[in-house]
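Secondary and tertiary structure notes
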Amino acid sequence: MDWQGQKQAELWMQILLLVFSVGALATGYIIGSFRMMMLIYAGGVFFTTLLTVPNWPFFNRHPLKWLDPSEAEKHPKPQKAVVSKDKKKSSKK
């Protein structure tokens, strides 16, 4: 799953869970059944999990282009600058 696919899966998860929770609450209130409300919500969680967790092909529409190993050897990693600890302290008189 690429970065765009992760963002899309997260958005779909939030929307679907919100829709199922509101729908379950409304249905449970109208029918007067806590059990039915929980079953609808559990079904929504299950459906959302099936849709967003697996690595479906539509989540891989923007693949990353990695650098070839031969190219990586031509461009070495930058080295961190070494900071010396020999700073002179000014004395106040």
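Cut-offs and rules
- Here the residue numbers are simple positions, counted from 1 along each chain's written sequence.
- Local features are withheld for residues below a pLDDT of 70 in this predicted model, meaning they are given only at 70 or higher, and side-chain atom pairs are given and counted only at 80 or more; totals for whole chains, interfaces and linings count all residues.
- Heavy atoms from the whole structure form the basis of all side-chain values; hydrogens and water molecules are not counted.
- A helix here means a DSSP run of H or I that spans at least four residues, while a strand means a run of E at least two residues long, and both kinds are numbered starting from the N terminus.
- Expected helix span is computed as 1.5 Å times (number of residues minus one).
- Residue burial is assigned from relative accessible area. The probe radius is 1.4 Å, only protein chains are included, and a residue is buried under 20% of its type maximum, exposed over 50%, and partly exposed in between.
- To be clear, the arc concerns the directions from the helix axis to the C-beta atoms.
- In this description, contact between two residues means that some pair of their heavy atoms is separated by no more than 4.5 Å.
- Pairing of aromatic rings covers Phe, Tyr and the six-membered ring of Trp, with a centre-to-centre limit of 6.5 Å; geometry is then stacked below 30 degrees between planes, edge-to-face above 60, and tilted otherwise.
- Contacts described as polar in this section are N or O atom pairs within 3.5 Å, which, within protein, must combine one atom able to donate a hydrogen with one able to accept it, while residues neighboring in sequence count only if both atoms come from side chains.
- UniProt positions are given in the numbering used here, feature names are shortened, and annotations may be inferred rather than shown by experiment.

Concerning helix α2 (residues 34-52)
- Its 19 residues place the ends of α2 27 Å apart at the C-alpha level, agreeing with the 27 Å of an ideal helix rising 1.5 Å per residue.
- Within α2 the residues assigned to the buried category are Met 37, Gly 44, Thr 48 and Thr 52. With its buried residues spanning 45° around the axis, α2 presents them on a single face. Exposed side chains of α2 directed beyond 90 degrees from the buried face belong to Arg 35 and Phe 46.
- Against α1 (3-31) lie the buried residues of α2.

Some words on the packing of aromatic side chains
- By the definition in use, this model includes two aromatic pairs.
- Look at Trp 12 and Phe 58: their rings are 5.6 Å apart centre to centre, the planes differ by 35°, and that puts the pair in the tilted class. Of the two residues, Trp 12 sits in helix α1 while Phe 58 sits in the loop between α2 and α3 (69-74), which places them 46 residues apart along the sequence.
- Given a relative accessible area of 28%, Trp 12 falls into the partly exposed group.

Brief notes about the environment of Ser 33
- The topology assignment puts Ser 33 in the loop between α1 and α2.
- By relative accessible area, Ser 33 is classed as partly exposed at 22%.
- Within the local environment of Ser 33, its side chain forms a polar contact with the backbone nitrogen of Met 36, the two atoms lying 3.1 Å apart.

A few points about the side chain of Thr 48
- Position of Thr 48 among the secondary structure elements: in helix α2.
- Sequence-distant contacts of Thr 48, that is, excluding residues within four places in its chain, are made with Met 13, Leu 16, Leu 17, Phe 20 and Val 53.

Focus: the UniProt feature "transmembrane region" (unreviewed entry) in the protein chain
- The positions UniProt marks with the feature "transmembrane region" (unreviewed entry) are residues 12-31 and 38-59.
- In residues 12-31, the share of helix is 100% and the share of strand is 0%. The end C-alpha atoms are 28 Å apart.
- End C-alpha atoms of residues 38-59 are separated by 30 Å, and the span's content is 68% helix alongside 0% strand.

What to know about α1
- Compared with an ideal rise of 1.5 Å per residue, which puts 29 residues at 42 Å, α1 spans 42 Å between its outermost C-alpha atoms and is within 8% of the ideal.
- Among the residues of α1, those classed as buried are Gly 5, Ala 9, Leu 16, Ala 24 and Gly 28.
- The inward-facing, buried residues of α1 contact α2.
- Between a side-chain oxygen at the N-terminus of α1 and the backbone nitrogen of Gln 4 the separation is 3.4 Å; the capping residue is Asp 2.
- In the segment just after α1, Gly 32 is the residue with positive phi, at about 80°.

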